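# Geometric and topological summary
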Amino acid sequence: MKRFGLALILSVFLCTSLFQSQAQAAPPIKIYINGVELNAQQSPVMIGNRVLVPMRAMFEALNAKVVWNQGQQRVTATKGSTTISLTIGSSVAVINGQNVALDVPAKVINGGFTVVPVRFVSEALGQDVQWNSAAQTVTVTLTTEVAPVSNVNARTVSQQGDGSDLQVSFNRAQDESTIDHYRVLVVKAGNAPYFTAANADNVRSGNFTVINKDGRDKSFKLDSQTRDVDGALLQSGSSYAVFVLSVGNQDGNYNSALSRASSTVTVTGVPAVSVVNGLSVRDVSDFGDGRDLSVTFNKAQNEHEISNYRIFVVKSASSSSFNVQSANAVSSSNYTTVNKTNSGYGITTSLNSSARDTSGELIRKGVSYNVFVMSVSNNTNSKVNRLSSASSSITLTDNSPITAPVITKVEDVSDFGDGRDLLVNFNKSADESKVASYRIFVVKNNNASSFNLNSANSVNSNNYHTVSKTGANTLSLTLPSNMKDVQGAAIVNNQSYRVFLMAVGNDKSNYVNALSSASSAITLNNNFTVPAVTNVRVSDVGDNDDGRDLQVTFNKVADESKISHYRIFVVKSGNASRFNLNTANAVSYNNYTYVGKTGNNISTTLASGATDVDGAVIRSGVNYQVFVMSVTTANNLTGNALSQASANITLINNSASAPVNVRADIVDYKGNGSDLSVTFNKTVSDNQISSYRIMVVDADQANKVNGFTLGIANNVQRNSYTEISPNTTLPVRLSEKALDAQGIAISRDKTYKVYVLAVSKGSNNNALSAPSNDVRLQEPSVTPASNVNLSNSSTADALSLTVSFKTASNEANVGNYLVMLVPNVSPNNGQYNISNFDLTAANRVPTSNGKTVTKQGKEVNTSTVLEFDVNGNALSVGTTYRAYVLTLGNGHDATLNNLTSSPAHNDVTLDYK
């Protein structure tokens, strides 16, 4: 508070309007911190006899942590337990949450530099500040004091009779910024009143416990090897006090600070035998069990009290809780007994293969362990067993060298003239867990004798081939096309090589790479050929007049591993005797057919655009032979193989031609397919036809664009057409059960067209005719009368009209005739007149309103006289009439009547004669 009050007295107010000009006029001011000038981008300024310094440079020089809040225009400096907040333009600072008035607030000058009162900041942070007006200097002397810890406490938590009985706790120093670490010092109670900071600074390093600072209060347990400041192990029956020394860091030449002593604490454990020391462990082998673990320790000081020693291997995860009680409870199968020796000071022993850790698991690689040694008392009534401190942790690893892989074979397997020709077989390293990958080196034979592991490790990565592990015992691979030898030269033919293989260790710090012996010498040569295919056969399978008609079948090569693909060559028979491997290799790729491997024998039909080897499109009428070439995977034309020629083949057009002049006639009136008779002209190439299919198609479908096509006809169901043989006599009458092409029964009052499909022998090249005439099934109509004539036969006394007509030419389907007179009057109450009289109206006229004339049995002229019209009205003067004859069907041969009228010019207007 004294320093803080001084800061308030030194702080004064500077008027804002005068600030800039005064700052510019002020003489140079220098600041020295512990004798070193503070250099900053912004120099200090003098305002009203008060010095303001650049904020960040000053705070950081005083070892404070600085945080700037742009939004709030606030700077916060923290050092130890002190926190200061200054807001730009504010006359109030905040120190540890308490407001403090300032005469001179923090300012921003010269485009962004924040300046603050130097004395306030330095003294608020607990530093000594002196101003020398004559020298225009501010001298800041950083204090070298460090803060002591508080509330040091020591208590017993067990009764082992050593340091492990003591639990120590303390509150950390308020300001740890000047502290490097803490030292816990155990002092015999009789010496505690005289123990000073000077004594504490001189305690030997083995006689105190170091505790690192971490910003938290401390609580921890000492171990059994803890010694007091005089170097003696803590022991049962002795009383002690505990001190904590805060050790300053060297950056500021800080001194140390000693805490107050704890209350006295007495170790009250049962007396125990001497403990071993100097415990160390090593990984000495690669068995992967207890034999890899060697334990060394110094014998207990008073070994006459001890019967033997027990070695405990504890998983590191459990070692912090392992103590003498835990050790006494471990089963005898889970520790190793070591007998006393009469010679030497130390004991070293390796465990056996069946050694187990304290949990009962066999000791193995990859597990972190700590080792303890217990001195076993020979008289537990007087002194109990004593457990050592834990050894450093150890994880067993396999440090045995990598075994080199073994090259079993190198072989020339192809003819690319590069690395792809070279096959390398090798057996992997015995233990691949140590191997990251393999490297294959190709070395010219004359350099192989000097190629060693050092040489291999130095080869550029572009000049070897890396092989990943697969887990398989044996690997076989061909090298890539860009493979180079170790000198960077491409792999070529006629050069003698040897191959080496290196196993690359997966941990360079533990595993050394291992190089195989050289392979046998190998020289690559271009001597690779493949076998030819066999049993090449050709067939004419279509009628497209192109390559699609030619089917080629052959037996594949037995071993296709060296086959890339096959090529089919179509050769005019006249040139076949001169066609050989050289000419086949020279054929343009446009003039052969490429066939990929399938693993099976091949049968393929050529494409429509397929050509012969001369580039001519394959067509009917030309005699050909076919060859097949096996193409090797090697880049070697002489390695290809050409088959024998196939048999001769001339493609023939076996397609059908379409029937013409299809006609359909009505031959009956049963209302089903038997009413239809179909005839057509058969195709010229009738010998290529297996049958004709007569198809009845709904005219609505047939009349659509692309309504009934060859594709549709080919797919019509079997029961939806009538099939006849080529030698069937035409015309053909359909069955009464015949269906149309859609599978619907043929019926009356529907219009049809008929098509005929010529079905080709041995191919799908059928041909469809054009449609027939429209045909419609109807009820039978009676043969009508003819030559109807009307004349006036009236007398002075009576009105009458005479109707004459010629009977039907065929009266076989006639029942009789009904003669009627129809007036030409305006319609009235539904009565008939010339304008609305038709067959339908005539069929409704009562026979009493006309004159019935019986059929004559032959075609004759007949007449009859009528005195009334069809409406039952008597004839009247001035009315015009027309004569009608309704020929009535007999109801069996004809069900539809027929109506005939006299011509209009023969109409008669009635009057008396």
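As a further point, take the sheet that holds strand β14 (residues 150-156). Read across the open sheet, the 3 strands follow the order β14-β15-β18; overall the sheet is antiparallel. With partners counted over all chains shown, the strands left at the sheet margins are β14 and β18 (218-221), one partner each. The sheet shows a mean angle of 10° between the axes of neighbouring strands, taken without regard to direction. In terms of strand pairing, β14 meets strand β15 (residues 166-171) through 5 bridges, oriented antiparallel. When the sheet's bridge partners are listed, Ala154 is paired in β15 with Val168.

Within the secondary structure, Asn591 sits in the loop between α9 (581-586) and β41 (593-595). The exposure class of Asn591 is buried, given its relative accessible area of 15%. Polar contacts involving the side chain of Asn591 include one to the side chain of Thr611, which spans 3.1 Å.

This next bit is on the packing of aromatic side chains. For the structure on display, the rule yields 20 aromatic pairs. Taken together, the ring pairs in this structure connect Phe312, Phe322, Tyr335 and Phe372 into an aromatic cluster.

Spatial ordering of the open sheet is given by β54-β55-β58, a layout of 3 strands whose pairing is antiparallel. Two strands in the sheet have a free side with no partner beyond their single neighbour: β54 (786-792) and β58 (861-866). Put simply, the sheet's adjacent strands are angled 20° from each other on average, direction ignored. Note that β54 and strand β55 (residues 801-806) share 5 bridges and pair antiparallel. Bridge pairing links Asn792 to Leu801 in β55.

The next subject is the side chain of Thr226. If you trace the backbone, Thr226 turns up in the loop between β18 and β19 (239-248). Classification of Thr226 as buried rests on a relative accessible area of 7%. At 2.9 Å, the side chain of Thr226 and the backbone oxygen of Asp223 are in polar contact. If we ignore the near neighbours within four places in the chain, the residues touching Thr226 are Gly163, Val186, Thr209, Ala232, Leu233 and Leu234.

This brings us to the pairing of strand β56 (residues 814-823). Looking down a regular strand, the side chains alternate between one sheet face and the other. Within β56, 8 of the 10 residues are buried, which leaves it mostly tucked inside the rest of the structure. Bridge count between β56 and strand β59 (residues 880-889): 9 bridges; the pairing is antiparallel. Counterpart to Leu818 in the pairing with β59 is Leu886. Note that β56 and strand β57 (residues 851-854) share 4 bridges and pair antiparallel. Each bridged residue has a counterpart across the sheet, and for Tyr817 the counterpart in β57 is Val853.

This part covers unusual backbone geometry. With an omega of 0°, the peptide bond running from Leu730 to Pro731 counts as cis. The topology assignment puts Pro731 in the loop between β49 (722-724) and β50 (732-733). Not every positive phi belongs to a glycine, and Gln136 is a case in point at roughly 55°. Judged by its relative accessible area of 19%, Gln136 falls in the buried class.

One finds Met58, Phe59, Leu86, Val116 and Phe120 to be the most contacted residues of the largest nonpolar core, which totals 30 residues. Elements supplying a minimum of two residues to this core: β1 (30-33), β4 (50-54), α3 (55-61), β6 (74-79), β7 (82-87), β8 (92-95), α4 (118-124) and β13 (137-141). Within the second largest apolar cluster, 24 residues are counted, among which are Val552, Tyr566, Leu606 and Val628.

Throughout the structure, instances matching the rule amount to 25 salt bridges. With its nearest N and O atoms 3.1 Å apart, the salt bridge here joins Asp665 to Arg663. According to the relative accessible area criterion, Asp665 is partly exposed, its value standing at 28%. A residue is classified by how much of its surface remains accessible, and Arg663, at 43% relative accessible area, is partly exposed. Among the charged side chains, a network of salt bridges with common partners joins Lys315, Asp357, Glu361 and Arg364.

A word on the environment of Asn715. By the secondary structure assignment, Asn715 is in the loop between α11 (710-714) and β49. For Asn715, a relative accessible area of 58% translates into the label exposed. With 26 residues separating them in the primary sequence, Asn715 and Ala741 have C-alpha atoms 9.8 Å apart.

What counts and how
- Residues numbered from 1 in each chain as written.
- Predicted model: local features only at pLDDT ≥ 70, side-chain atom pairs only at ≥ 80, totals over all residues.
- Heavy atoms only, no water.
- Pairing = 2+ DSSP bridges.
- Helix = DSSP H or I, 4+ residues; strand = E, 2+ residues; numbered from the N terminus.
- Axes fitted to C-alpha atoms, helices over the stretch in contact; angles between N-to-C directions.
- Buried < 20%, exposed > 50% of the residue type's maximum accessible area, 1.4 Å probe, protein only.
- Polar contact = N/O pair within 3.5 Å; in protein donor to acceptor, adjacent residues only side chain to side chain.
- Phe/Tyr/Trp six-rings, centres within 6.5 Å; stacked < 30°, edge-to-face > 60°.
- Contact = heavy atoms within 4.5 Å.
- Core = buried A, V, L, I, M, F, W, Y, C linked by side-chain atoms within 4.5 Å.
- Salt bridge = Lys/Arg side-chain N within 4 Å of Asp/Glu carboxyl O.

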